[in-house]
Amino acid sequence: MACLLEAPLRISVLSEVTATSRHYVDRLFDPDPQKVLQGVIDMKNAVIGNNKQKANLIVLGAVPRLLYLLQQSSSSLELRTECAVVLGSLAMGTENNIKSLVDCHIIPALLQGLLCPELIFIEVCLRCLRTVFISPVTPVQLLYTDPTVIPHLMSLLSRSQRTQEYITQIFSHCCKTPEHQTVLFNHGAIQNIAPLLISPSYKVRMQALKCFSVLAYENTQVSMTLVNVLVDGELLSQVFVRMMQRDQPIEMQLTAAKCLTYMCRAGAIRTDDSCVVLKTLPCLVRMCSKEHLLEERVEGAETLAYLMEPDVELQRIASTTDHLVAMLADYFKYPSSVSAITDIKRLDHDLKHAHELRQAAFKLYASLGSNDEDIRKKITETENMMDRIVSGLSESSIKVRLAAVRCLHSLSRSVQQLRTSFHDHAVWRPLMKLLQNAPDEVLVMASSTLCNLLLEFSPSKEPILESGVIELLCSLTQSDSPALRVNGIWALMNMAFQAEQKVKVEIVRSLGTEQLFRLLSDPDSNVLMKTLGLLRNLLSTRPHIDQIMSSHGKQIMQAVTLILEAEHSIEVKEQTLCILANIADGNTAKELIMTNDDMLQKIKYYMGHSNVKLQLAATFCISNLIWNEEDVQAVVNSDCSHKGSQERQDKLREMGFVDILHKLTQASDPNLCDSPLFCVCLSKGINESAWVSLL
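Now for a description of the structure that goes with this document.

Cut-off values and rules
- Counting restarts for each chain, with residues numbered from 1 along the sequence as it is written.
- Only residues with pLDDT of 70 or above have their local features reported here, since the model is predicted, and side-chain atom pairs are shown and tallied only from 80 upward, although totals for entire chains, interfaces and linings are computed over all residues.
- Neither water nor hydrogens contribute to the side-chain values; these are computed over all heavy atoms in the structure.
- Orientation is described by lines fitted to C-alpha atoms, with helices fitted over the stretch in contact, and by angles between N-to-C directions that extend from 0 to 180 degrees.
- Put simply, DSSP marks the helices as runs of H or I at least four residues long and the strands as runs of E at least two long, and each gets a number from the N terminus on.
- Any angle between 65 and 115 degrees counts as roughly perpendicular, while under 35 counts as roughly parallel, over 145 as roughly antiparallel, and the rest as oblique.
- Helix crossings get a hand from a simple test, with the near helix turned counterclockwise from the far one by less than a right angle marking a left-handed crossing and a clockwise turn marking a right-handed one.
- Throughout, a contact is declared for two residues whenever any of their heavy atoms are within 4.5 Å.
- Under the convention adopted here, Pro, Cys and the residues Ala, Val, Leu, Ile, Met, Phe, Trp and Tyr are nonpolar, Asp, Glu, Lys and Arg are charged, and Gly plus all remaining residues are polar.
- When a carboxyl oxygen of Asp or Glu is within 4 Å of a side-chain nitrogen of Lys or Arg, the pair counts as a salt bridge.
- Using a 1.4 Å probe on the protein chains alone, a residue whose accessible area is under 20% of its type maximum counts as buried, one over 50% counts as exposed, and one in between counts as partly exposed.
- Nonpolar cores are built from buried Ala, Val, Leu, Ile, Met, Phe, Trp, Tyr and Cys residues. Side-chain atoms within 4.5 Å join them into one set.
- Here the expected length of a helix is defined as 1.5 Å per residue gap, with one fewer gap than residues.
- Ring pairs are drawn from Phe, Tyr and Trp, using the six-membered ring of Trp, whenever the two centres fall within 6.5 Å, and their geometry is named by plane angle: stacked under 30 degrees, edge-to-face over 60, tilted for the rest.

## With respect to the packing of helix α9 (residues 119-133) against helix α11 (residues 161-174)
Logical step 1: For the pair α9 and α11, the least separation of the axes is 9 Å and the interaxial angle reads 25°. Considered as vectors, α9 and α11 are oriented roughly parallel to each other. The interaxial crossing formed by α9 with α11 has left-handed handedness. Judged by residue contacts, Leu119, Ile122, Glu123, Leu126, Arg127, Leu129, Arg130 and Phe133 of α9 engage Arg162, Thr163, Glu165, Tyr166, Ile167, Gln169, Ile170, His173 and Cys174 from α11.
Logical step 2: Residues that form the contact of α9 with α11 fall into these classes: nine nonpolar, three polar and five charged.

Rendered as structure tokens:
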């Protein structure tokens, strides 16, 4: 049968099946309906709190028979109700039990049962559905397969407090995607569930609140609707504020804070609104204190991190509220040897889940320190903080490693921390180790952090270079993930900035011209921009420009041509023209432009472009083409044999560049007409003797 347990488990369970268990199943097939009913009632009493008995009955085929009886119109209401109760009890067993029930198609059978007019039967079917759907092994999409189910569930909300509790709990557990949010929203979830927030039943209020938290999460449409909803004449946001009061249960305070957090992040509530600054943020900080349970501290910290992630003012307020930065240090010491926990089960639970506290602390530190230098300093000065981050990078839990590297990334935005704490603790070593073998989500954050460690002013740059990082970064540029390609090329770009020639040569060698030009045609604009940035940094310093262009000039010029001719953003074209300007600054490389009339025409076109940035970048190319230091030295030494600059000037004058320069100096845009660049170009191209006299 489809609902039987998996083979390895079936063998061990079957060996323990008793005659009594078989007897329960056999009675379900008795021709006498009364005996069947009594058999179901006896089965109900036998399985309560007995997982072994539940597994035995499932293996013996009780579920298909119970479902058959439940769906038969000839079955009495009492029998169908008792069958649903037994199925609900079986669902409260192990995850394997749930899988077996789902395989036996319990969900469509129970959903069909909701069409019955009898409230008692509807309630037991909903209770069983609730138990099945809250299990992590149940595919939530099964709730949305039949388009008539959601509207019918909405219509049942008014039947009783039990239907309200079960249905809202089902919704809150089965709303996992934006598509699910849309379905519930379109079928009137907000107007149907909002009145339940003032229900006399705490369970109903709590489940309705949870429903709103999952509906509002990262959903602008829902959040903007919620902000205008009235509940008994009171704005919904104020209802949530009341639910955050200290005299309310912690679960309610936290969930209400999550609702307001999600509405704020979705743009429905301003970050400086009093309900956020004076109510939500302090409530979440309060949840981080050690008086609360582990799961409450975790949820409070993670929600607070999400609330203030994009807002520097909220970060500053939080950092000075209730000594939050120091309070979070306790997350790494829990549970301590002197813990006040006396409940052995609770202690065992907390020992198994202590890593969640560390994960939450790292997340909150990352959010706190993402913008403000003083907060970053306060974090790094917290006891053993850098050591804790370094330890976190090698924890067995992937989630902790990810949170630790996020925290490191946040702190790495500080020049001061890069020069002090990061250098003192050699954080680049565990970071490099992490990059060797990690899931993509960890690799993205770790490689992003590495980009910052490779900045010019970072003391970590040299030891990272010596560790052979170039090959690793080049391999990232070949990833299927656009984020990893961006970070790989970004790190190489930072590495190439003002680097020695041997480093640049090694980058070009390891990356390979084929991959470099593949990146220049990458569909992701961020990858393209960083690749152009890398190329620009490689082509800096005249000897380096000449050396690279002598080896790869033809391919580079082809790539530049393709980008300038294609449909790209202004930023991409500007960066490409800046690369041309760098090439034009080379002593010998500039000839690759001067001998390419098509390229000169493109430069001329962009000098007349409507965008000022492109005009300036194109004019910069001409400035470098007209003159260079060797030409100046030749004129000073009266070296008549050196006629390069004069020949270039003559050619450019013949092509009409001087006329364009004159027009640009008369432009209405002050960025153009007042630019020293145009004065220099004109002085170079029109009056050589005047230019020499200025040297």
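After that view, the rundown keeps rolling.
## Considering the environment of Ser199
Logical step 1: Looking at the element boundaries, Ser199 is found in the loop between α13 (189-193) and α14 (202-216).
Logical step 2: For Ser199 and Gln161, which are 38 residues apart along the polypeptide, the C-alpha to C-alpha distance reads 8.4 Å.
Logical step 3: When sequence neighbours within four positions are dropped, the list of residues in contact with Ser199 reads Gln161, Gln164, Val204 and Arg205.

## Concerning the pattern of salt bridges
Opposite charge on two side chains makes pairing possible when the charged atoms of those side chains draw close.
Logical step 1: For the structure on display, the rule yields 30 salt bridges.
Logical step 2: The closest approach of N and O atoms between Glu251 and Lys210, which form a salt bridge, is 3.0 Å. Separated by 41 residues along the polypeptide, Glu251 in helix α17 (residues 250-265) and Lys210 in helix α14 bring together distant segments of the chain.
Logical step 3: According to the relative accessible area criterion, Lys210 is partly exposed, its value standing at 27%.
Logical step 4: Here Asp372 makes a salt bridge to Arg316, at a shortest N to O gap of 2.8 Å. Of this pair, Asp372 sits in the loop between α22 (344-368) and α23 (373-380) while Arg316 is found in helix α20 (residues 312-319), placing the two residues 56 residues apart along the sequence.
Logical step 5: Given the relative accessible area of 36%, Arg316 is considered partly exposed.
Logical step 6: One salt-bridge network, in which partners are shared between bridges, spans Arg265, Glu309 and Arg406.

## Observations concerning the packing of helix α3 (residues 33-47) against helix α4 (residues 51-59)
Logical step 1: Where α3 meets α4, the axes come as close as 8 Å, and the angle between the chain directions of the two elements is 135°. Classified by the angle their axes make, α3 and α4 are oblique. On α4, the residues that touch Met43, Ala46 and Val47 of α3 are Gln53, Lys54 and Leu57.
Logical step 2: A per-class count over the contact of α3 with α4 returns four nonpolar, one polar and one charged.

## Topic: the nonpolar core
Logical step 1: Ranked by internal contacts, the top residues of the largest apolar core, which has 233 residues, are Phe240, Leu368 and Leu580.
Logical step 2: Other than its neighbours up to four places away in sequence, Phe240 contacts Leu197, Leu209, Phe212, Ala256, Cys259, Leu260 and Met263.

## Focus: unusual backbone geometry
Logical step 1: Here His323, not a glycine, exhibits a phi torsion of approximately 55°, which is positive.
Logical step 2: Of note, His323 is situated in the loop between α20 and α21 (324-329).

## Some words on helix α6 (residues 77-91)
Logical step 1: Compared with the 21 Å implied by 1.5 Å per residue over 15 residues, the 21 Å span of α6 between its first and last C-alpha is a close match.
Logical step 2: Across the 15 residues that make up α6, a large majority, twelve, are buried.
Logical step 3: Turning to α6, its buried residues are Leu79, Arg80, Thr81, Glu82, Cys83, Ala84, Val86, Leu87, Gly88, Ser89, Leu90 and Ala91.
Logical step 4: Residues of α6 that are buried in the fold lie against α3, α4, α5 (62-71), α7 (95-103), α8 (106-113) and α9.

## Considerations on the packing of aromatic side chains
Logical step 1: Counted according to the given criterion, the structure contains six aromatic pairs.
Logical step 2: With a centroid separation of 5.7 Å and an interplanar angle of 40°, the aromatic rings of Tyr217 and Tyr306 are classed as tilted. Remark: Tyr306 occurs in helix α19 (residues 294-308) and Tyr217 occurs in the loop between α14 and α15 (220-226); sequence separation between them is 89 residues.
Logical step 3: The exposure class assigned to Tyr306 is buried, which follows from its relative accessible area of 16%.

## Here's the deal with α19
Logical step 1: With 15 residues, α19 should cover 21 Å at 1.5 Å per step; its first-to-last C-alpha distance of 22 Å lies within 8% of that length.
Logical step 2: Burial runs high along α19: twelve of the 15 residues are buried.
Logical step 3: Every buried residue of α19 is listed here: Leu294, Glu296, Arg297, Val298, Gly300, Ala301, Thr303, Leu304, Ala305, Tyr306, Leu307 and Met308.
Logical step 4: In this structure, the buried residues of α19 make contact with α17, α18 (274-287), α20, α21 and α22.

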